[in-house]
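# Coordinates in review
In case you want the letters, here they are:
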Amino acid sequence: MASGLGVALFSSAVFGLSGSFAKALLETGWTPGAAVTARLTGAALILAVPAVFALRGRWHQLRDNWLTVLLFGFIGVAACQLFYFNAVSRLSVGVALLLEYLAPVLIVLWLWAASRKRPRPLTIAGTLLSLGGLILVLDLTGAVKVDPIGVLWGIAAAVCLAIYFFITAKENDTLPPIVLASGGLMVGAVVMWLTAATGLLPMAFSTADTRLGPWVTPWWVALGGLVVLATVVAYVSGIVAARALGSKVASFVSLTEVLFAVIWAWLLLGELPGPIQLLGGLLIVGGVVLVRLDELRAAGSGADAAALDHANDCEPVP
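These lines cover the structure that appears in this document, whether it is placed above or below. (Residues numbered from 1 in each chain as written. Predicted model: local features only at pLDDT ≥ 70, side-chain atom pairs only at ≥ 80, totals over all residues. Heavy atoms only, no water.)

### Considering the overall build of the protein
From N to C terminus, the protein includes 15 helices and 2 strands. Considering only residue pairs separated by 6 or more positions, the protein has 88% of its internal contacts joining residues 24 or more positions apart. Within the structure as shown, the protein displays about 14300 Å² of accessible surface, and the carbon and sulfur contribution to it stands at 73%. (Helix = DSSP H or I, 4+ residues; strand = E, 2+ residues; numbered from the N terminus. Contact = heavy atoms within 4.5 Å. Areas by Shrake-Rupley, 256 points an atom, 1.4 Å probe, with all protein chains shown as cover.)

### Considering helix α3 (residues 32-55)
With 24 residues, α3 should cover 34 Å at 1.5 Å per step; its first-to-last C-alpha distance of 33 Å lies within 8% of that length. Helix geometry: α3 is bent most strongly at Ala 48, by close to 40°, with proline Pro 50 lying one to four residues after it. Count one or two residues on from α3 and you reach Arg 56, which has phi positive near 50°. (Expected span 1.5 Å × (residues − 1). Bend = angle between axes of the 7 residues up to and from the residue.)

### Remarks on the pattern of salt bridges
Pairing is possible between side chains that carry opposite charge, provided their charged atoms lie close to one another. As enumerated under the stated definition, the model contains 2 salt bridges in all. For Glu 271, the salt bridge is made with Lys 23, and the minimal N-O distance between the two is 2.8 Å. Residue Glu 271 is located in the loop between α13 (256-269) and α14 (275-301), and its partner Lys 23 is located in helix α2 (residues 18-26); the two are separated by 248 residues in the primary sequence. There is no split in this pair, since Glu 271 and Lys 23 are both buried. A salt bridge links Asp 147 to Arg 90, with the shortest nitrogen-to-oxygen separation between them at 3.0 Å. Highlighted residues: Asp 147 in the loop between α8 (121-138) and α9 (148-169) and Arg 90 in helix α5 (residues 66-90), separated in sequence by 57 residues. (Salt bridge = Lys/Arg side-chain N within 4 Å of Asp/Glu carboxyl O. Buried < 20%, exposed > 50% of the residue type's maximum accessible area, 1.4 Å probe, protein only.)

### Description of the environment of Phe 15
Assignment of secondary structure puts Phe 15 in helix α1 (residues 2-15). Spatially, the C-alpha atoms of Phe 15 and Ser 237 are 9.9 Å apart, while their sequence positions differ by 222 residues.

### Thoughts on the packing of α2 against α5
It is the contact of α2 with α5, at a shortest axis distance of 10 Å, that shows an interaxial angle of 65°. The hand of the α2/α5 crossing is right-handed. Side by side, α2 and α5 meet where Ser 18, Gly 19, Ala 22, Lys 23 and Leu 26 of the first sit next to Tyr 84, Phe 85, Val 88 and Ser 89 of the second. For the contact of α2 with α5, a count of residues per class yields 5 nonpolar, 3 polar and 1 charged. (Axes fitted to C-alpha atoms, helices over the stretch in contact; angles between N-to-C directions. Left-handed = near helix turned anticlockwise from the far one by under 90°. Nonpolar A, V, L, I, M, F, W, Y, C, P; charged D, E, K, R; others polar.)

### A look at the packing of α2 against α13
A packed helix pair is summarised by two numbers, namely the angle formed by the two axes and the spacing between the axes. Put simply, α2 and α13 touch, their axes get as near as 8 Å, and they point 35° apart. Note that α2 runs across α13; the crossing there is right-handed. Listed contacts from α13 to Ser 20, Lys 23 and Ala 24 of α2 are Trp 264, Ala 265, Leu 268 and Leu 269.

### Notes on the environment of Ala 38
Looking at the element boundaries, Ala 38 is found in helix α3. On the accessibility criterion, Ala 38 (17% relative accessible area) is buried. Taking the C-alpha atoms as reference points, Ala 38 and Met 192, separated by 154 residues in sequence, lie 9.4 Å from one another. Contact partners of Ala 38, with chain neighbours within four places excluded, come to Trp 30, Leu 223 and Val 227.

Now the structure itself:
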C-alpha cells in the first residue's frame, strides 16, 4: 500500500507537468493542435512496444474492444487534451485544470437528469460546493480578468473528461490497460493528423527556445518532457498505482494532480492563481471529494462494489 501510494503520487506529479510544458511551447508560437498532435504521436510510438508485448498475439482482444478504443482515443484523449490546451493558451494552468476537474460534478448532474432520481445529500452538497468554487475560480468581480473563451474551452475539456469516465467505467478485463492507453493515444494521434490535413485544425510549430523557470532551454526539452514525463511515464505509473491500490483509492490520489499542476506552473512559468481563485479551487476539490466519498460509501454497501472497483483503471490525460 505504501509503495503504491508513492507511485500514485508520482503519477499525479508528472501528469501535472503537462500544462506547464505545453504552455512553454504555446508561448513560442506552437498552436494547441500542434502540441497535442506531437504529444500523442510521440507517446503512441513509445507505448506501442509494451502494448504489443501485453497482447502476446491475442489481437482478438483489440478487435472485440475496437469501439471502446475508438471512443477513448477520439473523446478521452484527442478532444480532451485539445480543449485543455486551448484553455491553457488563454488561462493560467491552474484555472484551466480546475475547470476540467468539474467533470465529476457534470457526471452527477447528467445522471440526475437522465434518471430523474435525486442524488443523496452528500452528493448534492459536494456538487453545490464545487459550483460555488467555480464561481470563485472565475473571480468575476476581481482584478484578475478571466478569458471567457478560455473558460468555455475548460468546460469543454470537463465534458470530454466526464465522457471518458463513462467510457472507462464500461471497460472489461479482456483488454489490458496499457493496450487501451496505447490504442487510445494512437487513435487520438491519427484523428489530430487527419484534422490538420483537412485544414480544420491550425497547426504551427516553432523551434524557438522555451523558458522553464530560470532556464532557457531548446524547444525539444519541453516537448520531450511533455511526451516522456507527462504522458508515457504518467500513464505507466498510473496503471501501476491503480493495480497496487485499486481504482478507487488511486482515483482519490489523482486529485492531487491539481495541486501539483499549480505548483509546477508557479515554479516553471511564474503563474499562481489569485487568493480567491485558490479558495475556489479548494472548494472544487472538496466538492469532488464529497461526491466520491458518497459513491464509495454506496458502492461499499451495495452489490456493485466489485464492478465499481475497476471503473477507472486508466488515469485521465489532462
